[in-house]
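Structural features, examined
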Amino acid sequence: MTSAPSRPATAVPGGLAGLADHVAGVAEEHAPRTDRDAAFPVPVLDELRRTGLLGLLVPPEHGGLGGTLRDMVDIGIRLGRADMSIAMIFVMHCQQVEATVRYSGEPLRSELLRRLGSGRHYLASVTTEAGKGGHLLTAHAALRRDGSHVEIDRHAPIVTGGAHADGFLITMRGSEDGSPQAVSLVYAHRDQLSVTVSGDWQPMGMRASHSIPLRLAGRVPAHQVIGAPGSFAEISTRIFAPMAHLGWSAAWLGTAAGALSRVLRLLRGPDGRTRFDLGSELLLTRLSRARQRLDTVHALLRRAEDLVCTAPDISVPRHQLLLNALKITAAEQCHRAVEDLVDAVGLRHGYLKDSPTRLELALRDLRSAALNYSNDRLHLADGRLALLDPEVRLA
C-alpha cells in the first residue's frame, strides 16, 4: 500500500497539539462526505501518516514520537471533537501499537517498530468472530503450524479500517488441538495475506469507521506471534482492555464536548440570542446537566489514565472495576449529554442534519458506545469482580 511521507512534529507549530489540530481540521472538512457515503476517511489517514501521529507511541529509538498514554488520550479527545470515527480509528491503532511495543519479540520487533515509528504503517485489529458472542478471550479459528510458519484462515465480521490497513493484529486459537481459551495474537502484513471483503457497512452511526467484514488467509513466520503462544489473555488485561477503555472514552468525550461547544457558540451568537431565551431555567438546566456529565467522564478518565500509568498490577478487582466503570460511564453519559443538548435547542438545531451543531451526527455516533463491547457484558463481569472485593477497596 502506498503511504504518505512522514513529517516531524516540529514541522507544525504547537508540537503534538498542533499536529492534532491540523488532522482534526482535515477530519472536520471531510466528515460530512464520509458519514453520508459510509466511506473510510482516506485523506485524514494520509494526514495521520504525514504528521507521524501513527507513530505516537513508538519509542524514539525506533523512529517514533515517543508519546505517552496521556498524549493518546488528549489527541483522542481532540479528534473526537471533529469526527468520532477518526478518533476511534486513531486510538484503536494506538492500542495495537502498544501491544506490539510491549510484547513483540525479535526479529519482528525491530522490523515492525521501524515501520510503525515512521508513522506510515496503519494497524487494524481483528478480534471479532462469528459465533463467539463478543467474547474477546476465546477464538474458534486456529493457527496451523507448518514448519517455521503458521497458517491463518480467519473470518471477522467487523474490522475497523480493514480495507485500508497496512497490517493486522489477529486473535487466533493457538493450535488446532488447543482450547478456545488458549488464544494467540499474531501479526500479519497485508502483503502476507489474501484479504477479501465479504460484506458491506451501512450502520446508523460511526459510518466513516468503515468496519467491514473480512476474510483473511495466508502464511506468516511463526516469530510473528506476539507474546508467548496462547498468552493473549495477559496482553488483553495489560494492554488491550485498558487502552480500549481509555481510548474509546476519550473519543466519546471529545465527540460530546465538541457538540456542547458548537451549541454554546450558537447560543452566544447573534442568531442564537434572537432565537433562544438565554434566561430560560429549562435551557440553563439542560446545559448544566450536559456539562456536568462531561466533567464527570473527564474526571474518571484522568483517574483511570493515572491508574494505568502507575499501578503495579491493574488486574486486581478494584482496578478492573474502575476501568470498566470508565467505559460504562463514558458510553452512557456522553450519549445522554448530547440528548440533553437536542432537547435544549429543539428540532431545528437538535434534529436536522444541516444544523451547524451536528448534534444529529453526534447522537448517531455515540449510540454505538454502549454496544462497542456491550455495557451489559461489562456489568456482568463487574458483578463477579465486586464479589471478590467484599471490603470495597476503592481505586
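Residues numbered from 1 in each chain as written. Predicted model: local features only at pLDDT ≥ 70, side-chain atom pairs only at ≥ 80, totals over all residues. Heavy atoms only, no water.

1. A word on the packing of aromatic side chains
Worth spelling out the cut-off: Pairing of aromatic rings covers Phe, Tyr and Trp, the last counted by its six-membered ring, and requires centre-to-centre distances within 6.5 Å; plane angles under 30 degrees mean stacked, over 60 mean edge-to-face, and any other angle means tilted. Each residue is placed in one exposure class: buried if its accessible area under a 1.4 Å probe, protein chains only, is under 20% of its type's maximum, exposed if it is over 50%, and partly exposed if it falls in between. Helix and strand labels come from DSSP, where a helix needs a run of H or I of at least four residues and a strand needs a run of E of at least two; each type is numbered from the N terminus. Criterion for a charge above a ring: Lys NZ or Arg CZ within 6 Å of the ring centre, and within 35 degrees of the ring normal.
According to the stated counting rule, one finds 3 aromatic pairs in the structure shown. Ring geometry for F232 versus F240: centroids 5.1 Å apart, planes at 85 degrees, classification edge-to-face. For the pair formed by F232 and F240, the shared burial category is buried. Between W248 and W252, the ring centres sit 6.2 Å apart and the planes meet at 35 degrees, which makes this aromatic pair tilted. Of the two residues, W248 and W252 are both situated in helix α6 (residues 232-268); the distance of 4 residues between them amounts to about one turn of the helix. You'll find W248 and W252 in the same group, each marked buried. Over the ring of Y373 we find R377, and its NZ or CZ is 5.8 Å from the ring centre.

2. As for the confidence of the model for the protein chain
Here is the rule: Note on scores: pLDDT gives the predictor's confidence for each residue, bounded by 0 and 100. Residues count as neighbours in contact if any of their non-hydrogen atoms are within 4.5 Å of one another.
Of all residues in the protein chain, 97% attain a pLDDT of 70 or more, and the chain-wide mean is 94. Confidence drops under a pLDDT of 50 for residues 1-12, and excluding neighbours within four residues, the segment shows 31 contacts in the predicted structure.

3. Concerning the side chain of D365
If you trace the backbone, D365 turns up in helix α10 (residues 359-366). Once residues lying within four places of it in the same chain are set aside, the contact partners of D365 are M84, G205, M206 and R207.

4. Overview of the sheet that holds strand β3 (residues 149-160)
Our working definition: A pair of strands counts as paired when DSSP detects no fewer than two bridges linking them. Fitting a line to C-alpha atoms yields each axis, with helices limited to the stretch in contact; the angle taken between N-to-C directions then spans 0 to 180 degrees.
In space, the 4 strands of this open sheet follow the order β2-β3-β7-β6, with antiparallel pairing throughout. Whereas interior strands pair on both sides, the edge strands pair on one side only; in this sheet they are β2 (144-146) and β6 (193-197). Mean inter-strand twist for the sheet, computed between neighbouring axes without regard to direction, equals 20 degrees. Relative to strand β7 (residues 211-221), β6 runs antiparallel, the two sharing 5 bridges.

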